[in-house]
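Here is how the chains run, residue by residue.
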Amino acid sequence: MNRLDAIRGATPGQDHNARSIAALAANPACDRRAILDAAAIDKPRLMRRLRFDDRWGQSPFAIQRNQQFTDLVKANGAAHLLRLLRTLLDLPIEEAGYVNLEDAGGNEGQVARHGHTRRIIRQTAEGRGRATILDRPLLRLDVAGAQVYLEPDVIAFQLGGRFHIVAIKSFAIVDDQADTPKVSAAAREAAVYVHALRALVGRDLVSHDVILVCPRDFTNEPTATTVDVRHQLVTLARQLSRLTRIEAILDRLPENLSLDLDALSPAQIEAAVAAIPARYAPQCLSACELSHLCRREAHDLGHLDALGRVVRDDLGGIESVQTALRVATPGEPVADDQAEIAERLRHVARLYDEAVA
Amino acid sequence: MSLLHSYVKVKAREQGRALPRATVRHVHLAEAPMVFVPLRLAGEAAAPLGAMVGTDPARPTLLVVPQPRNRDLRFQFLADLGAVLLPYIDRISRQVETVEARTPFERCLDAPQIVVPSPGGVEFAAKLGRSSRFRRTTGPYAVDPAVPMLGRWLTFLAEQSEFAGSSLMVAMTDLLTAHWVTGQSAAEDADLAALLGWIDPPEGLTGPEAAALADDPLTPPAGPDTHPEFDRQELQKAIEHYDATGSAAQVEEALHGQLRPTWDRVWQAIGLLSALKESPGATARWERDRVHVALHRAWIDGGGLPQGKRDSAVAAAKRLARLEAAQQSFEAARAFDDPLVMAEYRADGVAFAGEVVAVDLTRRIVPPGGKREVPRPLVTIETSDPVRLAKGKKVRSPSRPRQSATIADLTETTVTVQIDDGMGRGGQPAEGSVPAVGTVICYTELDPGESRRAPLPPREETPWTHGGPPPEYVPTDDDAAEPWS
Ligand code: SF4
């Protein structure tokens, strides 16, 4: 049994998906997240055991809406999608090969499904077969030594050309504008699929332009745009390579560290988590299930990072609330490398006191 | 942001309570603000779920859409919302005065003010406006006449709110963070419950303790998004109950429970803000708001078309320029009205203050391009501020906003400014027109410009909704029929 399995213990792990892999990039400097993810610890379960509120679930209405829209786009041999792709990718009319990859000869296992996807994609890449729309493919990616199966919505293929990842999302594009955070999240997720597909057929055959299909305005009518995910791909590659260096982090952790969620008491879980160094910042709040726990810990320790990037940058070099206020007080001793910021802080402290007085 | 702001954040964290960021109120509060707390269905761009709305904190009107996927019920909701908002807007905007000027113009005596909990509420109001302003009131797909009218006003108000300093539609979290500094990050300040926890915690709790309650599953979010667990455990069942029985009671009860705490918080926050004295700039900006409302009123009454879908490239560029100008003059006006805001600029070196230590009243020069000698006195100020203004920079003082000056010289501890105007017509500066030795004075590169002076944007910058160039967009049959799913 390897060290990561030992940390997880007998508790079932949490499977990765594109979203969780994409989220790895949100706080690349955090050892805690790296270990928990590499060991496939079920983070929502961990938080529930520590009695934190779980706001990570998806509303049943959102799930339903997404399903409805996806079904609509894929209905009738993905007729809508083909129409959109013709305009977007200049597909000739006769190119309309729809293949549903879910059906792997009655074999429902992931290994078999992935094998089927791989075969068809290779054939397609070599110009054999007429598939242009590959529905329900199952890709595979190596994440820190574990095989993770990934299910993009659709892969599109341009004959004699390249593969495109298609992401179907139910957020609306109103008057040609979409909500930026939602588009970014979709792009990060799609980049994971691009990465996995490139691992299969090679870099050059997979476009870095993914196709985003969303409802137009307030209608149900699908519309498509391309989104360049080159930037997301670079970030992702960096993050994945970091996970492979997980050994170095493990070496710094206590010998018999265990996060066997079902076997440990809440206090023991908390102590084990605390033994793995974290790097909490407010960005974690929207990216990591552990954020409320790490936030509390960071505030207890008086970390300035917890107040946001602006504060951290403004007070560059000072780590804690206590230090900042101490060096801002006239007469307190100050380290040489903090002399400049100390002088400025004393000045603003005086300005503030004068102005509120 | 400034170093001062960061420092105060740290101090607030250590003291466990929010600290003031302003000494006066930089926003106008209407006598009867209309509070609007909307909720939307998860996964949808503009499907209203319900709202609490009204001008009386004790008696909100609750509106719900018992089956949010039903198009007719959505339009019913908009008609009901219109029945609350439109009479309020009409009553106020129909009382106008004519302002005497070279070109006399109309101004409403007062203006409507819609207060939503957070910027998400403004965005949602804009989406509701977009999805309803093109609807037709006759023919196929006809809707209640209140629907497109509400859409036009919501669109107008949401557009105005993008202009810094406009008080017509305001997001409460923005107002609070402009007046207080908490010991939490900006991301957390976006949560009204957590923010108010820091500013006005319940008896016996510290700021962070009260803010932590906001994370409790029992504290509903301020919307427009609901908590996924609420959707799963309460809302879904309530909607199913409506589908089965036709009774909206369960949905009403569920949404009331989600909306009421936020409703109460918005009013609590209004109370906190109204305890601050209104700044002169806020009053002046409200005057402009009243002009804008009068223009929009006249546009609608004159049969003008609803706002287009997207600006043309030229219109978009102009709009951006106006947004930037509004931002600049708003920031400057805030600093001129409030020494605590000015302190942020002093901390960053774009303003400085100190005592006048020397004055040369007799200095006369021939200004560049001029022929005659004119008085250009020099005033030297001693300051400990880290001044980052260069020689030749134009500056102004909040205590003499109409007089401009130029930085003439700088040393480690002094700044000398040359007074450029506002000294009368005589050969010598008029009595009192130049700061005297011993006066404590502040100078800055900020210029409140327009916001303190002309109440109207220049004609060529007047948006088309206000009688400027005509709109390019005429709503089509498709717009009226646009499905809303
Ligand atoms: S929330 Fe905690 S574990 Fe997650 S990334 Fe942030 S610091 Fe790391």
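The name given to chain A in an unreviewed UniProt entry is Secreted protein, with the source organism recorded as Herbidospora solisilvae.

## Comments concerning the pattern of salt bridges
In this structure the tally under the stated criterion is 45 salt bridges over all chains. Put simply, A:Lys74 and A:Asp135 hold a salt bridge, and the shortest N to O gap is 2.7 Å. Of this pair, A:Lys74 sits in helix H5 (residues 60-89) while A:Asp135 sits in strand E2 (residues 133-135), and the two are 61 residues apart along the sequence. As far as burial versus exposure is concerned, A:Lys74 and A:Asp135 are alike and both buried. Of the charged contacts in the structure, one is a salt bridge between B:Glu44 and B:Arg69, with a shortest N-O distance of 3.0 Å. Placement of the pair is B:Glu44 in the loop between strand E2 (34-40) and strand E3 (48-54) and B:Arg69 in the loop between strand E4 (61-64) and helix H2 (71-93), with a sequence separation of 25 residues.

## What to know about the interface of chain A and chain B
Opposite the 53 residues of chain A that make contact, chain B presents 58 residues. For the pair chain A and chain B, the summed buried surface comes to about 4600 Å²; carbon and sulfur atoms form 62% of the total. Of all residues in chain A, the largest losses of buried area upon contact with chain B belong to A:Phe61, A:Phe218 and A:Tyr352, amounting jointly to 19% of the total for that side. On inspection of chain A and its partner chain B, the count reaches 6 salt bridges. Note that B:Glu188 and A:Arg295 form a salt bridge whose closest N and O atoms lie 2.5 Å from each other. Looking at the side of chain A that touches chain B, the elements with two or more residues in it are H5, helix H11 (291-300), helix H12 (309-314), helix H13 (321-327) and helix H14 (339-356) of chain A. Take the side of chain A that touches chain B: its biggest share by element is 13 residues, from H14(A). Its residues placed into classes, the side of chain A that touches chain B shows 27 nonpolar, 13 polar and 13 charged.

## Some points on the domain arrangement of chain B
All names here are of chain B. Here chain B is described as being made up of domain 1 (3-309) and domain 2 (339-444). Each of domain 1 and domain 2 has a C-alpha centre, and the two are 44 Å apart. Taken together, the contacts link 8 residues of domain 1 with 7 residues of domain 2. Among the residues domain 1 hides against domain 2, the three largest losses belong to Leu-4, Arg-21 and Thr-23. Together they make up 67% of the total. Where domain 1 packs against domain 2, one counts 1 salt bridge. For Glu-344, the salt bridge goes to Arg-21, with nearest N and O atoms at 3.1 Å. There are 1 residue pair in polar contact (both at pLDDT 80 or more) connecting domain 1 and domain 2. No other element matches helix H1 (residues 3-15), which puts 3 residues into the side of domain 1 that touches domain 2. For the side of domain 1 that touches domain 2, the class distribution of residues is 4 nonpolar, 3 polar and 1 charged.

## Here we look at the nonpolar core
Formed by 95 residues in total, the largest nonpolar core has its most connected members in B:Ile114, B:Met172, B:Leu176 and B:Leu255. Per-element tally for this core: the top contributor is H2(B), with 12 residues. Here B:Leu255 is in contact with B:Leu39, B:Leu49, B:Gly50, B:Val64, B:Phe230 and B:Leu235, once residues within four sequence places are set aside. Listed in part, the 74 residues of the second largest apolar core include A:Leu141, A:Phe157, A:Tyr193 and A:Leu293.

## Observations concerning the sheet that holds E4(B)
Residue and element names in this part refer to chain B. Here 5 strands make up an open sheet; going across it, the order is E4-E3-E2-E7-E8 and the pairing mixed. Each edge of the open sheet is held by one strand with a lone partner, namely E4 and strand E8 (169-171). Taken over all neighbouring pairs, the strand axes of this sheet differ in orientation by 20° on average, direction set aside. Bridge count between E2 and E3: 6 bridges; the pairing is antiparallel. Its bridge partner being in E3, Pro-38 is matched across the sheet by Ala-51.

Each value, and the rule that gives it
- What you see as residue numbers is a count from 1 along each chain, following the sequence as written.
- Whichever chain is written first is A, and whichever ligand is written first is 1; the rest continue in order.
- Reporting of local features is limited, given that this is a predicted model, to residues whose pLDDT is at least 70; pairs of side-chain atoms are given and counted only at 80 or more, and all residues count toward the totals for whole chains, interfaces and linings.
- Excluded from the side-chain calculations are hydrogens and water; all other atoms, namely the structure's heavy atoms, are used.
- Any carboxyl oxygen of Asp or Glu that lies within 4 Å of a side-chain nitrogen of Lys or Arg is treated as forming a salt bridge with it.
- Helix numbers and strand numbers start at the N terminus; a helix is a DSSP run of H or I with at least 4 residues, a strand a run of E with at least 2.
- Exposure categories follow from relative accessible area, calculated using a 1.4 Å probe and restricted to protein chains: below 20% of the type maximum is buried, above 50% is exposed, and the middle band is partly exposed.
- Should any heavy atoms of two residues lie within 4.5 Å, those residues are counted as being in contact.
- Simply put, the buried area is the total loss of 1.4 Å probe accessible area from both parts when two parts are fitted together.
- Gly is placed with the polar residues, together with every amino acid not listed as nonpolar (Ala, Val, Leu, Ile, Met, Phe, Trp, Tyr, Cys and Pro) or charged (Asp, Glu, Lys and Arg).
- Either an automatic procedure or a domain database provided the assignment from which the domain bounds are taken.
- Whenever a nitrogen or oxygen atom comes within 3.5 Å of another N or O atom, the pair is scored as a polar contact, on the condition that within protein one atom can donate a hydrogen and the other can accept it, and that pairs from neighbouring residues in sequence are kept only if both atoms are in side chains.
- We define a nonpolar core as any set of buried Ala, Val, Leu, Ile, Met, Phe, Trp, Tyr and Cys residues linked to one another through side-chain atoms lying within 4.5 Å.
- Note: two strands are recorded as paired if DSSP finds a minimum of 2 bridges between them.
- Axes here refer to lines fitted to C-alpha atoms; in helices the fit is confined to the stretch in contact. Angles between the N-to-C directions go from 0 to 180 degrees.

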